[in-house]
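Structural features, examined
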Amino acid sequence: MSHKDYFNDQLQYIDQNLPELNNLYSSSTPFNERNRTFFSSYVNELKSYVDSGAVEPIPKVFIGTKVTVMFDGEDDTEDYYICLPKQSDPDTGCISFLSPVGRQLLLCKVGDKVLLSTPAGGLPVMIQDIAFAGNLILQ
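Below is a summary of the structure that appears in this document. (Residues numbered from 1 in each chain as written. Predicted model: local features only at pLDDT ≥ 70, side-chain atom pairs only at ≥ 80, totals over all residues. Heavy atoms only, no water.)

**Side note on the environment of Lys 113**
Heads up, the condition is: Secondary structure elements are taken from DSSP: a helix is a run of H or I of four residues or more, a strand is a run of E of two residues or more, and numbering for both begins at the N terminus. Note on contacts: a residue pair qualifies if any of its non-hydrogen atoms lie within 4.5 Å across the two residues.
The residue Lys 113 is located in strand 4 (residues 113–118) in this model. For the pair formed by Lys 113 and Leu 24, sequence separation is 89 residues and the distance between their alpha carbons is 27 Å. Apart from residues no more than four positions distant in its own chain, Lys 113 is found in contact with Val 125 and Met 126.

Dropping the structure here:
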């Protein structure tokens, strides 16, 4: 499946499952971190990308992408596969876009510096690469 087809299917999935996804978002996001436009912002960004021809490189972290982050002050990197909640498997690096780290990475661009809020404290990272991984996540 091409990444354009994958992202078009994803837009349909979100449209058909929005009430359930909103409930999951509300239950998994602390009140002070909730964004009323979370889904509409995401859908608008993804539609814009698809409507522009969905050419590579992928400009932002979307559901179905692999994002490589570099830890600040280190040469170490880590890959995260951003997925739907039902596909989540943290042991293999597949994290839900509704997880704390997934929410913070969603819609970031290469070169963005992000201070990831984790239970252990702030973790500064830089987005090093974004690649399509939807086919890997679906396996």
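Structure shown, so let's carry the discussion forward.
**Observations regarding the pairing of strand 4**
Convention followed: Two strands qualify as a pair provided that DSSP identifies no fewer than 2 bridges between them.
In this sheet, strand 5 (residues 121–132) lies alongside strand 4 in antiparallel orientation, the contact comprising six bridges. Residue Lys 113 lies in a different strand from strand 5, and its bridge partner there is Met 126. In this structure, the hairpin formed by strand 4 and strand 5 is closed by a connection of two residues.

**Focus on the pairing of strand 1 (residues 65–71)**
Filter applied, for reference: Only protein chains enter the accessibility calculation, which uses a 1.4 Å probe; a residue is then buried when its area is under 20% of its type maximum, exposed when over 50%, and partly exposed in between.
Where burial is concerned, most of strand 1 is hidden: five out of the seven residues are buried. Examined bridge by bridge, strand 1 and strand 5 share seven bridges and lie antiparallel to one another. Counterpart to Thr 68 in the pairing with strand 5 is Asp 129. Pairing of strand 1 with strand 2 (residues 77–83) involves five bridges; the strand directions are antiparallel. Among the inter-strand pairings, Val 69 is bridged to a residue of strand 2, identified as Glu 78. Taking the residues between adjacent antiparallel strands as the criterion, strand 1 and strand 2 are bridged by five residues, where Gly 73 takes a positive phi near 80°.

**A short note on the packing of aromatic side chains**
For clarity, the threshold we go by: Only Phe, Tyr and Trp rings take part, Trp by its six-membered ring, and two of them pair if their centres are within 6.5 Å. Stacked means planes under 30 degrees apart, edge-to-face means over 60, and tilted covers everything else.
This structure, assessed with the given rule, holds twelve aromatic pairs. With 5.7 Å between their ring centres and 65° between their planes, Phe 7 and Phe 62 make a pair best called edge-to-face. Taken as a pair, Phe 7 in helix 1 (residues 3–28) and Phe 62 in the loop between helix 2 (38–51) and strand 1 lie far apart in primary sequence, 55 residues in all. Comparing Phe 7 with Phe 62 shows no difference in burial state: the two are buried. Between Tyr 25 and Phe 38, the ring centres sit 4.3 Å apart and the planes meet at 15°, which makes this aromatic pair stacked. Here the residue Tyr 25 occupies a position in helix 1, and Phe 38 occupies one in helix 2, the gap between them amounting to 13 residues. Taken individually, Tyr 25 and Phe 38 each receive the classification buried, so the pair is uniform in this respect.

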